[in-house]
Amino acid sequence: MGVFLPHSLEEACELLDRVPDAEILAGGTDFMVEVNAGRRRPKAVVSLHGVPELTGWRRDGSDVVLGAGLTYTEMLGSELADLVPCLAQAARTVGSPQIRNAGTIGGNLGTASPAGDTLPVLAALGAHIAVGRLGSTRTVTLDELISGPKRTSLEPGEIIIDIRLPAGVGTQEFLKVGPRNAMIIAVANVALVVDWAGRRVRAALGSVGPVIIRAVEAETFATSRIDWEEHRLVGGEDALEEFAGLVRAAAHPIDDHRSTADYRRHAVGVCARRALERALRHDAIGTPADPFKDEPCVS
Amino acid sequence: MCELSASETELLGYHLRVNGRDYQVIDAQLCENLLYVLRERLRLYGAKNACLEGECGSCSVLVDGVLECACTVLAAAAAGRDVVTVEGLTPAGGDLSDIQQAFVEQGAVQCGFCTPGLIVSVHHLLSHNPVPTDLEVREAISGNLCRCTGYGRILAAVHAVAAARANGEGAGS
């Protein structure tokens, strides 16, 4: 029992194997809030901060591989932001500089909050998440990893190692609604990818259900209504509104202390519609000149 | 590997490096956050305790040069890392840093509870971005809540320091 500061992934896995009660500490921005409030009383802690295999990110062919210890601030770095723009957009909306400096993508997955801001991005881009334990690793999708609100399929002894995403896919947007810009847990958030090469639209919704929701019918509708040669939506306003309606229908929000179900359903439709509008305004390649030009109140 | 094994009474001992000085922490509980240890064990009262959720920024410190909320850092896991508090950003001899002096001169301090955290955040901002825009300052201090000033005078203080440094007045701390 105690606090363990391993210096390699192997050491971390050995510790978790040897100390089954040990809890994993990443950036601490969720973990320590629970500890400080007395809701979490770990008997032993394995801090992953000094584990070099979990830091940074790398290119691997047409993919990017993000270490589980990658912080939100690091996601904002221009090189990575060029490759996965909506991840940077999502990271920008998290907390404050202090939180973004400490919080990690592995921690966002491990906490498995329905409001986790990177999670719709991972769902929309079809992330593959490597999970390891002493002597073995497995790869899971977001659906397989997150089994419910703040619940994962991680077994004792397992660590999230890295997250694999396709690089430079189409045009990407992330939008989020909350009472102000900083220090906000999402009332609703949306990641949307218009994949020009693959000719399909993917949209994932956060904070409007027990887990991240792929709005499959809305995706199919938008995919069928885009003129893929001209990069525009056939049917204009009516098509946008039908898309928003299908997104609202896909959501399963609840009333809680942060919002009402009705408002969340409304907000997620507005976000998704706006994301599709923005994505179609841009060229197939490259990022928008000024994403905040029309809607200064939304980040 | 560093292993901080608890004794039979589940108490920990470890070393922390704060403001360039080594401190020995003894008989600590496993779950103590860095803010608690700084204030209650090391008697460094600069970082303030307000929310214990990482929301307010009153306990902002630098950990390995990175701005973080001390309340969301597990103190024992900060062993071996370099912690700097507001006390470590002031010149020796009790003078104020140029940032602190600007806060005083611009009236950016009212009740003062948020001030140490803001000083650390502004120090961190200006050391990476010597002449920030208004928007950059607002974003840099977006994790520091002040309920007194309305932020206008804080922004004025930051710009005053940036201008003075650009003119070669005071190297800053």
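Basis of the calculations
- Residues numbered from 1 in each chain as written.
- Chains lettered and ligands numbered in written order.
- Predicted model: local features only at pLDDT ≥ 70, side-chain atom pairs only at ≥ 80, totals over all residues.
- Helix = DSSP H or I, 4+ residues; strand = E, 2+ residues; numbered from the N terminus.
- Rg over C-alpha atoms; globule rule 2.2 N^0.38 Å.
- Buried ≥ 20, exposed ≤ 12 C-beta atoms within 10 Å, placed from the backbone.
- Contact = placed C-beta atoms within 7 Å.
- Nonpolar A, V, L, I, M, F, W, Y, C, P; charged D, E, K, R; others polar.
- Pairing = 2+ DSSP bridges.
- Axes fitted to C-alpha atoms, helices over the stretch in contact; angles between N-to-C directions.
- Domains from an automatic or database assignment.
- Parallel < 35°, antiparallel > 145°, perpendicular 65-115°, else oblique.
- Left-handed = near helix turned anticlockwise from the far one by under 90°.
- Core = buried A, V, L, I, M, F, W, Y, C linked by C-beta atoms within 7 Å.
- Expected span 1.5 Å × (residues − 1).

Participant: Honestly, the overall build of chain A in this entry has me stumped. Any pointers?
Facilitator: Regarding its fold elements, chain A presents 12 helices and 16 strands. The C-alpha atoms of chain A give 19 Å as radius of gyration, which agrees with the globular expectation for 299 residues (19 Å, within 12%). Taking the principal axes of the C-alpha coordinates as reference, chain A spans close to 65 × 45 × 30 Å. When the 299 residues of chain A are sorted by exposure, 51% land in the buried category. In chain A, of all internal contacts separated by at least 6 residues, the share reaching a separation of at least 24 is 65%.

Participant: Please clarify how the overall build of chain B should be interpreted in this entry.
Facilitator: Regarding its fold elements, chain B presents five helices and six strands. In sequence order, the secondary structure elements of chain B are arranged as β-β-β-α-β-β-β-α-α-α-α. Rg of the C-alpha trace for chain B: 17 Å, near the compact-globule value of 16 Å for 173 residues, within the 12% margin. Along the first, second and third principal axes, the C-alpha atoms of chain B reach 55 × 30 × 25 Å.

Participant: Can you help me understand the interface of chain A and chain B in this one?
Facilitator: One frequently used descriptor of interface size is the decrease in accessible area upon assembly of the parts. Between chain A and chain B, the contact holds 29 residues from the first and 32 residues from the second. Among the elements of the structure, β1 (2-5), α2 (31-36), β3 (44-47) and α6 (97-102) of chain A are those that each provide at least two residues to the side of chain A that touches chain B. Class assignment for the residues of the side of chain A that touches chain B results in 16 nonpolar, 11 polar and two charged.

Participant: I tried to follow the sheet that holds strand β2 (residues 11-18) of chain B on my own but got confused; where do I start?
Facilitator: Either a parallel or an antiparallel arrangement is found when strands of a sheet pair, and the pairing is made through backbone hydrogen bonds. All names here are of chain B. The strand order across the open sheet built from five strands is β3-β2-β6-β4-β5, with neighbouring strands paired in mixed fashion. Strands at the two margins of the open sheet, each flanked by one partner only, are β3 (21-29) and β5 (66-69). Strand-to-strand twist of the sheet, defined as the mean angle between neighbouring strand axes without regard to direction, takes the value 40 degrees. Sheet topology note: the β2/β3 ladder contains seven bridges and is antiparallel. By the bridge assignment for β3, Leu12 is matched with Ala28. Helix-sheet contacts for helix α3 (residues 115-128) involve β4 (60-63) and β5, and the interaxial angle to β4 is about 40 degrees.

Participant: Sorry if this is basic, but what is going on with the domain arrangement of chain B here?
Facilitator: Residues and elements named next belong to chain B. For chain B, the assigned domains read domain 1 (11-85) and domain 2 (98-166). Facing 12 residues of domain 1, the contacting portion of domain 2 comprises 10 residues. Per-element tally for the side of domain 1 that touches domain 2: the top contributor is β4, with three residues. For the side of domain 1 that touches domain 2, a count of residues per class yields seven nonpolar, four polar and one charged.

Participant: What is the right way to read the packing of helix α2 (residues 98-105) of chain B against α3(B) from this model?
Facilitator: To describe two helices that pack against each other, one gives the angle between their axes and the distance between the axes. Residues and elements named next belong to chain B. Direction vectors running N to C along α2 and α3 enclose 125 degrees, while the axes themselves pass 10 Å from each other. Comparing the axis directions of α2 and α3 gives the class oblique. Handedness of the crossing formed by α2 with α3: right-handed. Judged by residue contacts, Ile99, Gln100 and Phe103 of α2 engage Thr115, Ile119, Val122 and His123 from α3.

Participant: Would you mind showing me how to read the environment of B:Pro132 here?
Facilitator: All names here are of chain B. Structurally, Pro132 can be placed in the loop between α3 and α4 (134-140). Placed 88 residues apart in sequence, Pro132 and Leu44 show a C-alpha to C-alpha distance of 30 Å. Each residue touching Pro132, except ones within four places of it in the same chain, is listed here: Leu125, Val137, Ala140 and Ala162.

Participant: What is the right way to look at the sheet that holds strand β14 (residues 213-214) of chain A in this model?
Facilitator: Residue and element names in this part refer to chain A. Strand order in the open sheet formed by four strands is β11-β12-β13-β14, with antiparallel pairing between adjacent strands. Here the strands that pair on one side only, and so sit at the sheet edges, are β11 (171-177) and β14. With respect to the sheet, helix α5 (residues 85-92) is in contact with β11 and β12 (188-195), its orientation differing from that of β11 by roughly 15 degrees. The strands that helix α12 (residues 261-281) touches are β11, β12 and β13 (200-206); relative to β12, the one it contacts most, it runs at about 30 degrees.

Participant: Can you help me understand the nonpolar core in this one?
Facilitator: If you look at soluble globular proteins, the nonpolar side chains tend to sit buried side by side. Core analysis: the largest hydrophobic core is formed by 153 residues, its most contacted members being A:Ala203, A:Leu205, A:Val247 and A:Ala272. The residues that make up this core include at least three from each of domain 1 (11-85) and domain 2 (98-166) of chain B. Dropping the residues within four chain positions of it, A:Val247 is found in contact with A:Ala203, A:Leu205, A:Ala215, A:Ala218, A:Val268, A:Gly269 and A:Ala272.

Participant: Can you help me understand helix α11 (residues 236-250) of chain A in this one?
Facilitator: Think of an α-helix as turning once every 3.6 residues; residues three or four places apart then point the same way. Residue and element names in this part refer to chain A. In this model α11 runs 22 Å from its N-terminal to its C-terminal C-alpha over 15 residues, within 8% of the 21 Å that 1.5 Å per residue would give. Residues Phe243, Ala244, Leu246, Val247, Arg248 and Ala250 constitute the buried set of α11. Packing partners of the buried residues in α11 comprise β13, β14, α10 (216-225) and α12.

Participant: Help me understand the packing of α11(A) against α12(A) in this model?
Facilitator: Residues and elements named next belong to chain A. It is at 8 Å that the axes of α11 and α12 come closest, and there the two elements cross at 135 degrees. Considered as vectors, α11 and α12 are oriented oblique to each other. α12 is crossed by α11, and the crossing has right-handed handedness. Of the residues in α12, those in contact with Leu240, Phe243, Ala244, Gly245, Val247 and Arg248 of α11 are Arg265, Val268, Gly269, Val270, Ala272, Arg273, Leu276 and Glu277. When its residues are assigned to classes, the contact of α11 with α12 shows eight nonpolar, two polar and four charged.

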